[in-house]
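Per-entry structural report
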Amino acid sequence: MIGNILILLPLIGFFVLLMPAFKESARRAALFFVGTEFLLSLIAYGLNLTDGNSIFLKSDYNWINAINAHWHLHVTGVSLVLAILNAIVFVLIFLSVDKNQYGENENVFYALGLLMQMAMMGVFLTRDAFSFYIFWELSLIPIYLIGLKWGENNKEKITLKFFLYTFIGSLFMLAGFIYLYHHTALLNEKGIRSWDMLDFYEAGKLLTPTQQTVIFWMIFLGFAVKIPVFPFHSWQPDTYTAMPVQGTMMLSGVMLKMGLYGLMFWLVPVLPAALKEWQSFLLLLSLIGVIYASLSALVQHDFKRLLAYASMAHVGMISAGILSNTRQGWDGASTQMFAHGIYVTGLFYVVHLFEKHTGTREIGKLGGIRNLNGQFSNLFLIILLGSIALPLTHGFVGEFLIIVGLSKVSLSWAILASSSVILGAVYMLRSYQKMMLGDVVKTNYTFGALENKDKWSLFLIVACIIFLGIYPQALNMFSTLTIQSILK
Amino acid sequence: MMALLVIVIIGTITLLAEIFNFKKVIYPLSLIGILLALGMNIKEWNNNFSWRYSDNMVMYDNLALAFSSVLLITVFLWLMMSKNYFNDETSIIEHTSLVLYSLVGAMLLVGFNNLVTLFLGIEILSIPMYVLAASNKKNILSNEAGFKYLIMGSFASGFLLFGIALLYGASGSFNLSDVQLALSTDIVPKFAYAGIIMILIALAFKVSIAPFHFWTPDVYEGSPIVITALMSTIVKTSVFVAIMKLFLWYFYPAYNHYVEVISILILISLVISNFSALKQQNTKRLLAFSSISHASIMMLLIISDVRNSSTVNALLYYTFAYSIASITSFAVIHFVAKDKDEQINVLKGLMYKHPFLAISLMIALLSMAGIPITAGFFAKYYVLSQLMVSGYKWMIIVAILASILGVVYYLKMVLAMFENDKKSENIAIQLSRNEWLVIVISVLLLVVAGIYPDIIAYTFKQ
C-alpha cells in the first residue's frame, strides 16, 4: 500500500511540474512533493516499528499476464533503508538548487528529478525481477537528459558514453534474468514461470556450475557498471564531473546504490555457488578499485573530480562487503550505503557552495576560507570526517562491519581493506587543508554567510551523520532482519 | 472481411470524385471509411469468416482481423499526419485512391489462404507504392526512387511467381493447405524446396532483408517523406504476416530446409543495417537502415520454431510498436523539415525551438531503440524471449549487440535536438490541430502499450 504511494507520488509530481501552470511556482511544488515523500518514508519506518509484515507495507498485483510479471512491492529491511535515503537525498538536492541555476526551464529539471526518484524508489522496493529491470532502465533516461541539457563542457560525448555503458550492462543483466525466468518453470509441476525474487533464488540453485558462472557474469556486468567496480568504471569520473552538481548528487547519492542493492538481493543469493568460485577474484577487483581510485583522487586538481574518485573508492569497499557474503559484511554494506548516500550528497553540496560563492572548485585556487566563514568550514569538516569514517560517525560503523565481514573470509582481505582506508584520509584531509586553512589566496573572492536553506541542509546532513553514528541501530534493526533471513 | 470491402468501395468512390466533383470531401471520407472498417473488424471478432465461393482464397480469421486493425490504425494516423500531401487539387484523387488501394493489398495479404491471393496481395500493395514513390514529379530523386523501386520490385515479383509456379508443379494446387499436405509427403519433388526459397527471396525483398535491401535507402530517401512513412509501416506489417503464415505454418514440413537460410539472412542484415546506419547523415536514410534492422529482428520469430499464439502475439505487438514509432518519427521530421532536405541538421536545437515535438520524437526513437517503458522495449523483449527456448540462443547475443549499435544512432538524432543552434532560431514551427492530435495519439499509444502491454500482447490466448 505505502509502497504504491511512495512510487506514485513522484510520478504525479513529474506530470504536475511539466504543466505550464506550475512554471512560476516550480520550486515550491517540487519541494512539496519531495517533502511529502520524505514524510511518507518516515511513516513506512513507523509501520515497520510495529510490524514488518503488516499489509500496509506490501502490495502484489498481476501486471503483465502474458509473462506473469507482477507488481510486487514490500517496504521493509534494506529496501526501507534505501527508500528513506532516496527520499532524504532528494530533499537535499532540491534544496540545493539556487535561483536561476536552471534558467527558465527550471520546472523541467524538477520534473526529471522526480521521475528519477520514482524510478529508483521502484528499484529499491520491488520484489519482481521484471519491474526491477523496467525501473532500473527508466532511471537512466532522466539523468541522461539532465546531463545533456545542463551539463558542462563536452557533455554530448560524455553523456552518450555514460548511457551506452550502463545500457550495455543492463541488457546483459536482462538476458541473465530472462534465462533465470525460463528456469523457474522447473520449480512447479505446471511449469508456470515467474519473476519473483524468491523463485529466482530457488531457480538459481538448479543451474549447473557452468551455467551459474555465465549467468553470474552477465548479471554482474549490469551491476558492476552502475556501481562502478574497477575495470568498468571509466565512464564515472567524466560523468560525475560533467553533470550539473545536482545531477552528480543524484548519481552518487542514490543511483549507484541501485547497483549495490542489486548485487545484494538480485545476484549473490541467486547464484551463491558461482560467487563462491569467483569470490577471491571479485574481492580483488573491488579492492583494486579502492586503491586505484584513492591514488587517482590524490592527484586531482578539481575538487569535484576528486570526489568522483573518492566515491568510487567508498563503493569499492561496500561491494567488497557484499561479496564477502557474510552477515557482518552485509550489515556493514547496508549501513555504509546509507551513510555514503548522506555524506557524499553533503560533499557535493559543498562543491556547489564553493562554485556559488567563489566561482571555482579548483583546489589550487582556493585557500583560507576558514578565515572568511567559520561556520561553513566547521560543517564541511564534520561531513568530511564522516566520509573518512571517524568513530562516532555513521560511516565508521559501516566500514568497521565490512572489515569484520572481510576478516571472516580471510584475514589478508581485511588487512588490505583497512590499509586502503587510510588513503582516503590522506586525500580528504589534504584537500581540506589546502582549501580551507592557511591564508586567503590573493584572488578576488569573498565567502559570505551561507543562505538559510544551505545552512539548514548542511545541519541536517551533519545531524544524520552524528546521530546515526551514535545510534546506528535506528536503521540497522530492520536491515539485519532481512539479511538474517537471506544469509541463514 | 467487411473492412476489406469498405476500403475497396471507398477507394473506388474517390476515383469518381473527378466526375461528380466532390474532391473536397474525399479526405474526410477516407478517414471515416477507415474508422468504419475498424469498427467492422471489431464486430467480426471471433467470426472466422472464410470466402467459400472461391476455394477459401481469403480467410478473415482473428489473426487477419488483428493485423488488419493494426494496418488501419497506422493508415488512419498516417492520413492525419500527411494532410498537406492531399492539398494539391490536381493530384488529390490519384494520391488518395492509390493509398487506399495499397491498403487493400496489405489487408488482402494478412488474410490470404492461397498462393494466388498472396501474389495478388503483394502486387496490389506494391504497384500503387511504385507510383507513390515517384509522386513528387518535379524532383529527380523521387523519379529515381519510383523507377528503382519498380524495376527491383518487378524482379522480386518474378521470383515470387516462379516460386509459386514451382510449388504448384509440386503439389498441383494453389491452396496452401494442399501445398502443406504435399510437402509433408516423402514423394514431394525437390524443386518444391527451390520454390520455397524463391518465395522467401521475393518476400525478403519486400521487407528489405539483406542482401535484398539495396533499394531501401535510395527509395526511402527519394520518395516524399510521407510516402516513406507509409512504405515503412504497412508494407512491413502485412508482408511479415505473410512470412509468418508461410514459413512458420504452411511450409512447416520443409522447415529444416530453409531455416538455416533465414538465419544467415538475419545475421547479414543485422550486421549490415546497424553498421551502415551509424554513418548516415540523412534522417530518411538512417530510418531506412533502422527499418532493415527492425525487419531482421521480426524475422527472428521465424527461426524461433515456436508455433503457438505467443508468436502471433509477439509479431502483432512488434508490428504495432514499430508502425506507431515510425509514424511518430516521420511525422515529426516532416513537420520540422517542411520542404527542406531531411538531414539530421534540421533537428538541431529542436529541444529549444519546439520542446513538444522534440520530446515526442525522443520517445519514438527510444521506443525504436527498445528502451523501457516504451512499447519498443516489450516488442524486442517478446521476440527475444521466444528465441530463448529455440536452437538459436546465440542469436540473442547478436541481436543485443545490434540493439546497442541501434542506441548509438538513435541517440545521434536525440543529441542533435539538444545541440544549441543559434542561426535558425527565428524559424517558428507551427502545427495544425490535426498534426498535434496525431502526435499526441501516437505518443500516448507508445507509452500506454509500454506500461500495460497486455492490451495488445495478450490478444491471442493459449
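Residues numbered from 1 in each chain as written. Chains lettered and ligands numbered in written order. Predicted model: local features only at pLDDT ≥ 70, side-chain atom pairs only at ≥ 80, totals over all residues. Heavy atoms only, no water.

**Some remarks on helix α2 (residues 26-43) of chain B**
Each turn of an α-helix holds 3.6 residues, which means side chains three or four residues apart point in the same direction. Taking 1.5 Å per residue as the helical rise, α2 of chain B with its 18 residues ought to reach 26 Å, and the 25 Å between its terminal C-alpha atoms agrees with that figure. Looking at α2 of chain B, one finds that the buried residues are I26, Y27, S30, L31, G33, I34, A37, L38, M40 and N41 of chain B. (Helix = DSSP H or I, 4+ residues; strand = E, 2+ residues; numbered from the N terminus. Expected span 1.5 Å × (residues − 1). Buried < 20%, exposed > 50% of the residue type's maximum accessible area, 1.4 Å probe, protein only.)

**Here's the deal with the pairing of strand β2 (residues 69-74) of chain A**
Residues and elements named next belong to chain A. In terms of burial, β2 is a largely internal element, 5 of the 6 residues being buried. Where strand β1 (residues 58-64) and β2 come together, 6 bridges link them in antiparallel fashion. Counted as the bridge partner of D60 is H72 from β2. As consecutive antiparallel partners, β1 and β2 are separated by 4 residues, and within that stretch N68 has a phi angle of approximately 55 degrees, a positive value. (Pairing = 2+ DSSP bridges.)

**Looking at the interface of chain A and chain B**
Counting from both sides, the interface comprises 32 residues of chain A and, opposite them, 33 residues of chain B. Looking only at chain A, the three residues that lose the most surface to chain B are W63, K149 and F167 of chain A, adding up to 15% of its buried area. Across the contact surface, chain A and chain B share 0 salt bridges. Summed over the shared surface of chain A and chain B, the result is 2 residue pairs in polar contact (both at pLDDT 80 or more). (Contact = heavy atoms within 4.5 Å. Buried area = accessible area lost by both parts, 1.4 Å probe. Salt bridge = Lys/Arg side-chain N within 4 Å of Asp/Glu carboxyl O. Polar contact = N/O pair within 3.5 Å; in protein donor to acceptor, adjacent residues only side chain to side chain.)

**Details of the pattern of salt bridges**
The full count for this structure, using the stated rule, is 17 salt bridges over all chains. Residues D238 of chain A and K161 of chain A are paired through a salt bridge, measuring 3.6 Å at the closest nitrogen-oxygen approach. With a gap of 77 residues between them, D238 of chain A in helix α10 (residues 236-242) and K161 of chain A in helix α7 (residues 155-183) connect regions that are remote in the sequence. Judged by its relative accessible area of 24%, D238 of chain A falls in the partly exposed class. By relative accessible area, K161 of chain A is classed as partly exposed at 31%. For the salt bridge of E144 of chain B with K148 of chain B, the shortest nitrogen-to-oxygen distance reads 3.5 Å. Taken together, the residues E144 of chain B and K148 of chain B, both in helix α6 (residues 140-171) and 4 residues apart, mark about one turn of the helix.

**Quick look at the environment of I201 of chain B**
Residue and element names in this part refer to chain B. By secondary structure assignment, the location of I201 is in helix α8 (residues 191-206). Sequence separation of I201 and I262 is 61 residues, and the distance between their C-alpha atoms is 9.8 Å. Apart from residues no more than four positions distant in its own chain, I201 is found in contact with F159 and F212.

**Considering the confidence of the model for chain A**
Summing up the model confidence of chain A, the mean pLDDT is 88 and the portion of residues at 70 or higher is 99%. Per-element confidence in chain A is highest for helix α3 (residues 77-96) of chain A, whose mean pLDDT is 92, and lowest for helix α15 (residues 369-372) of chain A, whose mean pLDDT is 81. (pLDDT = per-residue confidence, 0-100.)

**Quick word on the packing of aromatic side chains**
Taken as a whole and judged by the stated rule, the model has 69 aromatic pairs over all chains. Aromatic pair F130 of chain A and F377 of chain B: ring centres 6.1 Å apart, planes at 40 degrees, arrangement tilted. Linking F130 of chain A in helix α5 (residues 129-138) with F377 of chain B in helix α16 (residues 375-387), this pair reaches from one chain into another. The pair F130 of chain A / F377 of chain B is uniform in exposure class, with both members buried. Geometrically, the ring pair formed by Y409 of chain B and Y410 of chain B is tilted, given 4.8 Å between the ring centres and 55 degrees between the ring planes. Lying over the aromatic face of F112 of chain B, K245 of chain B brings its terminal NZ or CZ to 4.9 Å of the ring centre. (Phe/Tyr/Trp six-rings, centres within 6.5 Å; stacked < 30°, edge-to-face > 60°. Lys NZ or Arg CZ within 6 Å of the ring centre and 35° of its normal.)

**Re the nonpolar core**
Counting 386 residues, the largest nonpolar core has F130, W195 and F354 of chain A together with W78, F247 and F251 of chain B as its most contacted members. Counting residues per element, this core draws most heavily on helix α13 (residues 309-337) of chain B, at 19 residues. (Core = buried A, V, L, I, M, F, W, Y, C linked by side-chain atoms within 4.5 Å.)

**Details of the side chain of H340 of chain A**
Residues and elements named next belong to chain A. Structurally, H340 is set in helix α14 (residues 327-358). For H340, a relative accessible area of 0% corresponds to the buried category. When near neighbours in sequence (up to four residues on either side) are disregarded, H340 contacts S252, L256, K257, S311, H314, V315, I318 and T345.

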